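# Overview (structure and organization)
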Amino acid sequence: MAAHAFNTTQPPPRGRRGVWSLNTPTITILFLWSLVPLLMTLWFSFRRYNLMAPDRIGFDGLGNYRYLLTDPGLALAIWNTILLLGAVLAITIGLGTVLAVLFDQEFFGRGIARVLVLAPFFIMPTVSSLLWKNMMMHPDNGFIAFLMRSVGLKPIDWFAVVPLTSIIIIVSWQWLPFALLTLLTAVQSLDAERKEAARMDGAGPIAMFRYIILPHLGRAIAATTMIETIFLLGIFAEIYVTTSGGPGFASTNLSFLIYRYVLQEYDIGGAAVAALLAIVLANILAFFLMRSFARNLET
Amino acid sequence: MANLQLRRVRKSYDNIEIIRGIDLDLHDEELTVFVGPSGCGKSTLLRMIAGLEEITSGDLFIDGERVNDIPPAKRGLALVFQSYALYPHMTVAENMSFSLKLAGLSKAEREMKVAQAAQILHLESLLTRKPKELSGGQRQRVAIGRAIVRNPKVFLFDEPLSNLDAELRVRMRLELTKLHRQLRATMIYVTHDQVEAMTMADRIVVLNAGVVEQVGTPMELYRNPRNLFVAGFLGSPKMNFLTATVESQNPGNVTVKMADGSRLSVPGQLDISNHSQITIGIRPEHLRLTNTGSLAATVTTVEHLGSESYLHVLTANSEALIVRVSGETAVEADQQVNVEVDSSALHLFDQDGTSLRSR
């Protein structure tokens, strides 16, 4: 029928070839982008490849793995990574939730206070680490040392005595604004009538927080935890600027351990194994996070 | 079960006065409806009674006790919100027992009270569900259940039916009226819908621009509106208004001259001088089409509702009127008709809009 040719509701004929030709560029780029580096890392992990001994290149079997897994620094680095992640998450989410509720209240100068509390997030990690190292935590010139001396206490050499704690403080200071920002928007999205209903039901400030605000924040807390986890696993600049992973391995996390292999020992093979280990660790964490928060994100 | 008194109650935000001096007495076991156009302050007044808004000046008494400075939860009132404001993370039972839990009741007591309320509201099968699994009408009932379990002195409703579809609204209206009789509770109900006010109220409070225009039973207000605002607000379709002048007054009746030149003899006595401008109010059901009708008019639109029809007509000098006729009417648009006015059912208002007589 001639009329059939004008039937525009029929989708244009499109075979599998047509779809593939459109998808191929994207798939190709994604393949090169993600899979090739992974495969190269895998390749290097089985090779003897140290820049200090360029003539001794070749297949090494599981040599790199054996070397890394017997390295006493590895267990410490994994432990430090988890400790750093856990502590910063606890501080930023905990304090962020409380501050979000407080910053939701009406008070004089709220606009300025909100800008100020967000400021640390806009400072580059290297810069803020330098500020903390030289102006806050320095045992001679630091502000904290000044405060301690002025009340008659002996100043602490933060990066020598409690290196990981110092880094946790710096990173928490940087990430608190992010948690506060996401949680504050969540607090503000809480229906005003729901809060009023709770007030009519007899909820004071504490019951309101416990039974109304906190459950409402569940999803925002889950999302913030996941985003922060992604970034906190790879903390590097703060360690590089302040302690260089020391003393010993006291403040070395996995990403800094990889750096140590590559650029302090020039051991590409060893670094590749550590990188693979970091991927495994990230995936284990992601699995648990997704599982515990999937329920929250469903609704 | 309580009496409420409002004495010279005022509310202002940043020098703008929303509630401008309200005196009211609300009686025990009555369902009082606050009705008025949007922005008249009816919700604000309710929230002031609930304690969610501060009273700028004046006194609020519940059972003789001044409660201005008592926090909302301690006033013994329960408020049902327009948006229901259910707690989404709690089940129906938890929603209803939240206030009891905060009040420190034991689990057994809470379960008993929730079960009682659920029985009254037919919610027994839904107790373990979350609000998002409920329909609009069910959520509404949970919100009411949350009020019932507290056994409040006064139930407050803030436009509770406006989020429901038309059919459900009619059904919930009936259910609420039944519930009111069943609980023998004191209720205050806020709405902008005059039909809800007329059908549900024991007593209507008509509010406009922060003041009380009139208080009374639905039929009192319908029959004897004190001013043009109340006359125009209650009744659907609205009362018709025509301008006229007083021509002569005789003992027992008054002759008024309509804008189109026709004359009407109105029984009764008026306290007004001759030749003054007045407004005549007449409800659509008090107008009839007859061959001898004094007002000549042209039909512009016919609305058939089945049981009855509304004729929208224009008089010779372009005043619009609505006439209620039988549903079987054969009148069509553009037809010429004569409208007869039932002069015993007229409302007369002076130029300030105040009714000239109270029958």
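Residues numbered from 1 in each chain as written. Chains lettered and ligands numbered in written order. Predicted model: local features only at pLDDT ≥ 70, side-chain atom pairs only at ≥ 80, totals over all residues. Heavy atoms only, no water.

## Focus: the overall build of chain B
Along the backbone of chain B there are 8 helices and 20 strands. Here the C-alpha coordinates of chain B stretch approximately 75 × 45 × 35 Å along the principal axes. Among the 359 residues that make up chain B, the fraction classed as buried is 50%. Partitioning the intrachain contacts of chain B with sequence separation of at least 6 by distance along the chain shows that 64% fall at a separation of at least 24. Accessible surface, chain B: about 16,300 Å² in total, of which carbon and sulfur atoms supply 46%. (Helix = DSSP H or I, 4+ residues; strand = E, 2+ residues; numbered from the N terminus. Buried < 20%, exposed > 50% of the residue type's maximum accessible area, 1.4 Å probe, protein only. Contact = heavy atoms within 4.5 Å. Areas by Shrake-Rupley, 256 points an atom, 1.4 Å probe, with all protein chains shown as cover.)

## As for the sheet that holds strand β5 (residues 65-66) of chain B
Backbone-to-backbone hydrogen bonds pair the strands of a sheet. The strands run either parallel or antiparallel. All names here are of chain B. The strand order across the open sheet formed by 4 strands is β2-β1-β4-β5, and the pairing between neighbours is antiparallel. The strands lining the two open edges of the sheet, one partner per strand, are β2 (16-26) and β5. The pairing of strand β1 (residues 4-13) with β2 spans 8 bridges and is classified as antiparallel. For Leu6, the partnering residue across the bridge sits in β2 and is Leu24. The strands that helix α1 (residues 42-50) touches are β1, β2 and β4 (57-62); relative to β1, the one it contacts most, it runs at about 115°. (Pairing = 2+ DSSP bridges. Axes fitted to C-alpha atoms, helices over the stretch in contact; angles between N-to-C directions.)

## Focus: the nonpolar core
Phe34, Ile49, Leu156 and Ile188 of chain B are the most contacted members of the largest nonpolar core, which totals 57 residues. Examining the composition of this core, we find that 7 residues originate from one element, helix α10 (residues 205-232) of chain A, more than from any other. In contact with Ile188 of chain B, other than residues within four places in its own chain, are Leu4, Leu26, Thr32, Phe34, Leu46, Ile49, Val154, Phe155, Leu156 and Phe157 of chain B. Ranked by size, the runner-up nonpolar core spans 43 residues in total, among them Leu121, Ala147, Leu179 and Met200 of chain B. (Core = buried A, V, L, I, M, F, W, Y, C linked by side-chain atoms within 4.5 Å.)

## Section: the pairing of strand β17 (residues 308-315) of chain B
Two faces make up the sheet, and in a regular strand the side chains alternate between them. Residues and elements named next belong to chain B. Most of β17 is tucked away: 6 of the 8 residues are buried. As paired strands, strand β16 (residues 295-304) and β17 are joined by 7 bridges and run antiparallel to one another. Within the sheet, the bridge partner assigned to Val299 lies in β17 and is Val313. As consecutive antiparallel partners, β16 and β17 are separated by 3 residues, and within that stretch Gly306 has a phi angle of approximately 100°, a positive value. The pairing of β17 with strand β18 (residues 320-326) spans 7 bridges and is classified as antiparallel. Within β18, the residue paired with His312 across the bridge is Ile322.

## Looking at the side chain of Arg75 of chain B
Residue and element names in this part refer to chain B. Structurally, Arg75 is set in the loop between β5 and β6 (77-80). Look at Arg75: it is buried, it has no salt bridge, and the nearest opposite charge is Asp69 at 6.7 Å. At a separation of 2.8 Å, a polar atom in the side chain of Arg75 contacts the main-chain carbonyl oxygen of Ile70. Once residues lying within four places of it in the same chain are set aside, the contact partners of Arg75 are Met48, Ile49, Ala50, Gly51, Leu60, Ile62, Val67, Asn68, Ile70 and Lys153. (Lys, Arg positive; Asp, Glu negative; His and termini not counted. Salt bridge = Lys/Arg side-chain N within 4 Å of Asp/Glu carboxyl O. Polar contact = N/O pair within 3.5 Å; in protein donor to acceptor, adjacent residues only side chain to side chain.)

## Some words on the domain arrangement of chain A
Examined at the domain level, chain A breaks down into domain 1 (12-37) and domain 2 (65-298). On a C-alpha basis, the centres of domain 1 of chain A and domain 2 of chain A stand 39 Å from each other. (Domains from an automatic or database assignment.)

## Some remarks on the interface of chain B and chain A
Each partner contributes residues to the interface: chain B has 25 residues there, and chain A has 16 residues. Taking both partners together, chain B and chain A bury about 1,700 Å²; carbon and sulfur atoms supply 61% of that area. For Arg150 of chain B, the salt bridge is made with Asp201 of chain A, and the minimal N-O distance between the two is 3.9 Å. The tally of links from chain B across to chain A stands at 7 residue pairs in polar contact (both at pLDDT 80 or more). Mapped by element, the contributors of at least two residues to the side of chain B that touches chain A are α1, β6 and α2 (92-102) of chain B. Tallying contributions element by element places α2 of chain B first for the side of chain B that touches chain A, with 4 residues. Here the side of chain B that touches chain A is composed, by residue class, of 15 nonpolar, 5 polar and 5 charged. (Buried area = accessible area lost by both parts, 1.4 Å probe. Nonpolar A, V, L, I, M, F, W, Y, C, P; charged D, E, K, R; others polar.)

## What about the packing of aromatic side chains?
Residues and elements named next belong to chain A. For the structure shown, the criterion picks out 21 aromatic pairs over all chains. Ring plane angle 45° and centroid distance 5.4 Å describe the contact between Phe44 and Tyr49, whose orientation is recorded as tilted. Taking the relative accessible area as the measure of exposure, Phe44 reaches 22% and is therefore partly exposed. A ring pair is formed by Phe103 and Phe107, whose centres lie 5.9 Å apart and whose planes are at 80°; its orientation type is edge-to-face. A relative accessible area of 12% places Phe103 in the buried class. By relative accessible area, Phe107 is classed as partly exposed at 34%. (Phe/Tyr/Trp six-rings, centres within 6.5 Å; stacked < 30°, edge-to-face > 60°.)

## Details of the sheet that holds strand β19 (residues 336-341) of chain B
Residue and element names in this part refer to chain B. A sheet is described by the order of its strands in space; here 5 strands give the open sequence β15-β19-β16-β17-β18, paired in antiparallel fashion. The strands lining the two open edges of the sheet, one partner per strand, are β15 (287-289) and β18. Pairs of neighbouring strands in the sheet enclose a mean axial angle of 45°, with direction left out of account.

## Observations regarding the pattern of salt bridges
All told, the structure shown has 17 salt bridges over all chains when counted by the stated rule. Here Asp104 of chain A makes a salt bridge to Lys195 of chain A, at a shortest N to O gap of 3.6 Å. One end of the pair, Asp104 of chain A, is in helix α3 (residues 72-104); the other, Lys195 of chain A, is in helix α9 (residues 192-200), and 91 residues separate them in sequence. Here Arg263 of chain B and Glu247 of chain B are joined by a salt bridge, their closest N and O atoms 2.7 Å apart.

## Digging into the packing of helix α4 (residues 136-148) of chain B against helix α5 (residues 166-183) of chain B
Residues and elements named next belong to chain B. Two elements in contact, α4 and α5, have axes whose closest approach is 11 Å; the angle formed by their N-to-C orientations is 20°. Regarding the angle of α4 to α5, the classification is roughly parallel. In the packing of α4 onto α5, the handedness of the crossing is right-handed. Between α4 and α5, the contacting residues are Gly137, Gln140, Arg141, Ile144 and Ile148 on the first element and Leu168, Met172, Glu175, Leu176, Leu179 and Leu183 on the second. Residues belonging to the contact of α4 with α5 are distributed by class as follows: 7 nonpolar, 2 polar and 2 charged. (Parallel < 35°, antiparallel > 145°, perpendicular 65-115°, else oblique. Left-handed = near helix turned anticlockwise from the far one by under 90°.)

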